[in-house]
Amino acid sequence: GEDVEQSLFLSVREGDSSVINCTYTDSSSTYLYWYKQEPGAGLQLLTYIFSNMDMKQDQRLTVLLNKKDKHLSLRIADTQTGDSAIYFCAERYDYKLSFGAGTTVTVRA
Amino acid sequence: EAGVVQSPRYKIIEKKQPVAFWCNPISGHNTLYWYRQNLGQGPELLIRYENEEAVDDSQLPKDRFSAERLKGVDSTLKIQPAELGDSAVYLCASSLRANSGANVLTFGAGSRLTVL
């Protein structure tokens, strides 16, 4: 089965970098995703990475994938107050996405 | 593009009452998903449709939950009778095809159910 784990909370100062970590268990995962959820809203895709890549950069977002350790991270550069949200890591196994419990990121001034 | 539309946004019912949620996916998306998100948790898949066929309903509690996707577009999810433990946010998502590349899911805003 699939199991995705994330730390629950992260507090970061505005302008600093945020790093959110995730571990997954299924080595057969083909894609890994980061979604963002703001209060009262659905999940919004931020970025994804194919399992044969080890890094992907998209503007302020950098995804690092360590397949050997089954570890995924999301770095947000120059964190802004609008980045305050819950961030979910997800792995794709077969046709199913399995999500972690989410990391609540709080940006303080 | 309207995105994935869900209704109602909020529903409060007493236990043992029925409830239904409706989802309109993005036009052209063949695959539709219903997820349940409990408080403080990530979404968990209930059912996946490819067009009008339910291809994965292994996590759907079939004694009280039912779903349909007539004509392969809109979908409804029903709970009858509702129990206290059904309180959650029910998320609908759609994607082009489940086996298409990264298969990016687009989520609706969700329907928050409170069972009293």
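The structure under discussion appears in the preceding block.
Residues numbered from 1 in each chain as written. Chains lettered and ligands numbered in written order. Predicted model: local features only at pLDDT ≥ 70, side-chain atom pairs only at ≥ 80, totals over all residues. Heavy atoms only, no water.

**Student:** Residues and numbers for the overall build of chain B, please.
**Tutor:** Along chain B, the regular secondary structure elements total zero helices and eleven strands. Scanning chain B from its N terminus toward the C terminus, one meets helices and strands in the order β-β-β-β-β-β-β-β-β-β-β. In terms of overall dimensions, chain B has C-alpha extents of about 40 × 25 × 25 Å along its principal axes. Here chain B holds 116 residues, and the buried ones make up 48% of them. Once local pairs closer than 6 in sequence are excluded, the contacts in chain B between residues at least 24 apart make up 54%. A total accessible area of about 5700 Å² is found for chain B, and carbon and sulfur atoms account for 49% of it. With 13 positive and 13 negative side-chain charges, chain B shows a separation of 5 Å between the mean positions of the two kinds. (Helix = DSSP H or I, 4+ residues; strand = E, 2+ residues; numbered from the N terminus. Buried < 20%, exposed > 50% of the residue type's maximum accessible area, 1.4 Å probe, protein only. Contact = heavy atoms within 4.5 Å. Areas by Shrake-Rupley, 256 points an atom, 1.4 Å probe, with all protein chains shown as cover. Lys, Arg positive; Asp, Glu negative; His and termini not counted. Charge placed at Lys NZ, Arg CZ, Asp CG, Glu CD.)

**Student:** Talk me through the nonpolar core; I want residue IDs and the actual numbers.
**Tutor:** Burial of nonpolar side chains together is a common tendency in soluble globular proteins. Core analysis: the biggest nonpolar cluster contains 21 residues, and Phe21, Trp34, Leu77, Ile79, Tyr90 and Leu113 of chain B have the highest contact counts within it. Secondary-structure elements contributing two or more residues to this core are β3 (19-24), β4 (31-37), β5 (44-50), β8 (75-79), β9 (88-95) and β11 (111-115) of chain B. The residues touching Tyr90 of chain B, leaving out its near neighbours within four places in the chain, are Gln6, Phe21, Trp34, Tyr35, Arg36, Leu46, Phe65, Leu77, Ile79, Gly110, Ser111 and Leu113 of chain B. With 20 residues, the next largest nonpolar core counts Ile20, Leu32, Leu65 and Tyr87 of chain A among its residues. (Core = buried A, V, L, I, M, F, W, Y, C linked by side-chain atoms within 4.5 Å.)

**Student:** So what's going on with the sheet that holds strand β7 (residues 65-68) of chain B? Which residues, and what values?
**Tutor:** Residue and element names in this part refer to chain B. What the four strands build is an open sheet, ordered β1-β3-β8-β7; its pairing is antiparallel. Bordering the open sheet on either side are β1 (5-7) and β7, each of which pairs with just one other strand. Averaged over neighbouring strand pairs, the angle between their axes works out to 15° when direction is ignored. (Pairing = 2+ DSSP bridges. Axes fitted to C-alpha atoms, helices over the stretch in contact; angles between N-to-C directions.)

**Student:** Tell me what's going on with the pattern of salt bridges, and back it up with residues and numbers.
**Tutor:** Once the charged atoms of two side chains with opposite charge are near each other, the side chains can pair. All names here are of chain B. Taken as a whole, this structure holds six salt bridges over all chains when the rule is applied. With a shortest N-O distance of 3.3 Å, Glu83 and Arg64 are connected by a salt bridge. With Glu83 in the loop between β8 and β9 and Arg64 in the loop between β6 (53-56) and β7, this residue pair connects regions lying 19 residues apart in the sequence. Assessed through its relative accessible area of 42%, Glu83 is described here as partly exposed. Arg64 sits in the buried class, given a relative accessible area of 12%. In this structure, Arg64 and Asp86 form a salt bridge, with 2.6 Å as the shortest nitrogen-oxygen distance. Within this pair, whereas Arg64 is found in the loop between β6 and β7, its partner Asp86 is found in the loop between β8 and β9, the two being separated by 22 residues in sequence. In this structure Asp86 comes out as buried when scored by relative accessible area, which is 2%. Among the charged side chains, a network of salt bridges with common partners joins Arg64, Glu83 and Asp86. (Salt bridge = Lys/Arg side-chain N within 4 Å of Asp/Glu carboxyl O.)

Scope: geometric values only; no functional claims are made or implied.
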